[in-house]
Amino acid sequence: MRTRVLTTRESFPGTALPRLAQAADVVSWPGTDKPAPADLAALAPGVTAILALGNDTVDAALMDAAGPSLRVIALASMGYDNVDRVAAAERGITVTHTPGTLAETTADLAFALILAARRRLGAANASLMSGGWDTFRMHEYLGLDVHGATLGLIGYGQIARAVARRARGFDMRVLHHSRTSPDSVPLATLLAESDIVSLHVPLTPETHHLIGARELAAMKPTATLVNTARGGVVDEEALLDAVRAGRIHSAGLDVFAREPMGADLSPLVKEPNIVTTPHIGSATESTRAAMADLAADNILDVLAGRPARTPIPG
Ligand code: DGY
């Protein structure tokens, strides 16, 4: 019997599917939306590999549905907070992710959110589109400068460093706070001195609600918070309170604690001083193809008896 590979979507940009199909029988969840865990489990028995997205539920139940044949779970995402890593380790299953594919694209989006939030592009565009603008006025649509401002990066991995490189072109002073970097500043210093605080940490039990009411109160009243990491890193209620009360100037959010959001929109989306996008940090044709291709490469490595090229950190 040929090896079986499960993919949690029916199509991917790039060459992942045809290359996997050369090496194995591919069974795909037939859709573009996130499958229900029970639907995925029904397709899993006997597969050797699963190609999943960062928002799929990859838990012990799915691993057990696949059974002892399952050797690799390859995510087409950088984040892996959706995977039960302990369950995977206990079952000897390799989990891989996609470093090196999406940092520049996600940094572009982080910078877009910085600019949009500071310069109030959402409110200005909405006013224009609703016919609310007729002429130039000295006091209308005033925002805050990005050039020359101080940028504080929390986390200092590939994406944060890519944001820092962009900031140099805007003559910004850049601070960062991270557990591993030697020139990291204390979190309290970063929060007090930054005009823009941008989040670049994975979601873990330690980073859950890393930014809450206390941290927001420690930021400047003119500060902007930007999150392209994971929604759970921010206490969203505290953020909403802080923006509404003017304790910080604005926010730019690409990620939310509750995804998918559906029609029941988060109040964050409707807040004029918060610019929001629907988890599109890595959403360019070439980057999404590179992510899926790397996930397929990891599966092909394991099927060929080689170590996976980008396992998640141990
Ligand atoms: C990532 O790669 O982690 C993105 O958030 C998409 O899942």
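Residues numbered from 1 in each chain as written. Predicted model: local features only at pLDDT ≥ 70, side-chain atom pairs only at ≥ 80, totals over all residues. Heavy atoms only, no water.

1. Let's talk about the side chain of Asp254
Okay, step 1: Counting through the fold element by element, Asp254 comes out in the loop between β10 (250-253) and α11 (267-270).
Okay, step 2: It is Arg288 that comes nearest to the buried, bridge-free Asp254 among opposite-charge side chains, at 7.1 Å.
Okay, step 3: Polar contacts involving the side chain of Asp254 include one to the main-chain amide nitrogen of Ile280, which spans 2.7 Å.
Okay, step 4: Each residue touching Asp254, except ones within four places of it in the same chain, is listed here: Leu109, Leu113, Asn227, Thr228, Glu259, Thr277, Pro278, His279, Ile280 and Gly281. (Helix = DSSP H or I, 4+ residues; strand = E, 2+ residues; numbered from the N terminus. Buried < 20%, exposed > 50% of the residue type's maximum accessible area, 1.4 Å probe, protein only. Lys, Arg positive; Asp, Glu negative; His and termini not counted. Salt bridge = Lys/Arg side-chain N within 4 Å of Asp/Glu carboxyl O. Polar contact = N/O pair within 3.5 Å; in protein donor to acceptor, adjacent residues only side chain to side chain. Contact = heavy atoms within 4.5 Å.)

2. Structural notes on the nonpolar core
Okay, step 1: Grouped together as the largest cluster of nonpolar side chains are 28 residues, with contacts concentrated most on Ile154, Leu216, Leu225 and Leu239.
Okay, step 2: In terms of residues, this core owes the most to one element, helix α10 (residues 236-244), which gives five residues.
Okay, step 3: Every residue in contact with Ile154, bar those within four places of it in the chain, is listed here: His177, Leu187, Leu190, Leu191, Val197, Ser198, Leu199, His200, Val201, Leu210 and Ile211.
Okay, step 4: In terms of nonpolar packing, the next biggest core, distinct from the first, is built from 26 residues, Val146, Tyr156, Ala164 and Val226 among them. (Core = buried A, V, L, I, M, F, W, Y, C linked by side-chain atoms within 4.5 Å.)

3. Brief notes about unusual backbone geometry
Okay, step 1: With an omega dihedral of 0 degrees, the bond running from Glu259 to Pro260 counts as a cis peptide bond.
Okay, step 2: Secondary-structure assignment places Pro260 in the loop between β10 and α11.
Okay, step 3: Of note in the backbone geometry, Arg120 takes a positive phi value of approximately 55 degrees without being a glycine.
Okay, step 4: Residue position: Arg120 is located in the loop between α5 (103-118) and α6 (121-129).
Okay, step 5: Look at Tyr141: it is not a glycine, yet its phi comes out positive at around 60 degrees.
Okay, step 6: In this fold, Tyr141 is placed in the loop between α6 and β6 (150-154).
Okay, step 7: For Tyr141, a relative accessible area of 28% translates into the label partly exposed.

4. Considerations on the domain arrangement of the protein chain
Okay, step 1: Per the domain assignment, the segments making up the protein chain are domain 1 (4-101 + 285-303) and domain 2 (103-276).
Okay, step 2: Distance from the C-alpha centre of domain 1 to the C-alpha centre of domain 2: 32 Å.
Okay, step 3: Taken together, the seven residues of domain 1 in the interface contact five residues of domain 2.
Okay, step 4: Surface buried jointly by domain 1 and domain 2 totals about 540 Å² across both partners, of which 44% is contributed by carbon and sulfur atoms.
Okay, step 5: Among the residues of domain 1 in contact with domain 2, Asp81, Gly100 and Thr287 are the three that bury the most area, contributing 53% of the side total. (Domains from an automatic or database assignment. Buried area = accessible area lost by both parts, 1.4 Å probe.)

5. A look at the pattern of salt bridges
Okay, step 1: A complete count under the given rule lists 20 salt bridges for this structure.
Okay, step 2: Asp56 is paired through a salt bridge with Arg9; the nearest N and O atoms lie 2.9 Å apart. Highlighted residues: Asp56 in the loop between β3 (49-52) and α3 (60-66) and Arg9 in the loop between β1 (4-7) and α1 (16-23), separated in sequence by 47 residues. The residues Asp56 and Arg9 share a single accessibility class, namely buried.
Okay, step 3: Note that Asp108 is salt-bridged to Arg166, the shortest N-O span being 2.8 Å. Linking Asp108 in helix α5 with Arg166 in helix α7 (residues 158-169), this pair joins segments that are 58 residues apart in sequence.

6. Here we look at the sheet that holds strand β5 (residues 94-96)
Okay, step 1: With parallel pairing, five strands are arranged side by side in an open sheet as β2-β1-β3-β4-β5. The open sheet has two free edges, formed respectively by β2 (25-28) and β5, since each of these has just one partner strand. Neighbouring strand axes in the sheet, compared pairwise and without regard to direction, differ in orientation by 15 degrees on average.
Okay, step 2: Sheet analysis places β1 next to β2, joined by four bridges and oriented parallel. For Arg4, the partnering residue across the bridge sits in β2 and is Asp25.
Okay, step 3: Across the face of the sheet, α1 comes into contact with β1, β2 and β3 while running at roughly 135 degrees to β2. (Pairing = 2+ DSSP bridges. Axes fitted to C-alpha atoms, helices over the stretch in contact; angles between N-to-C directions.)

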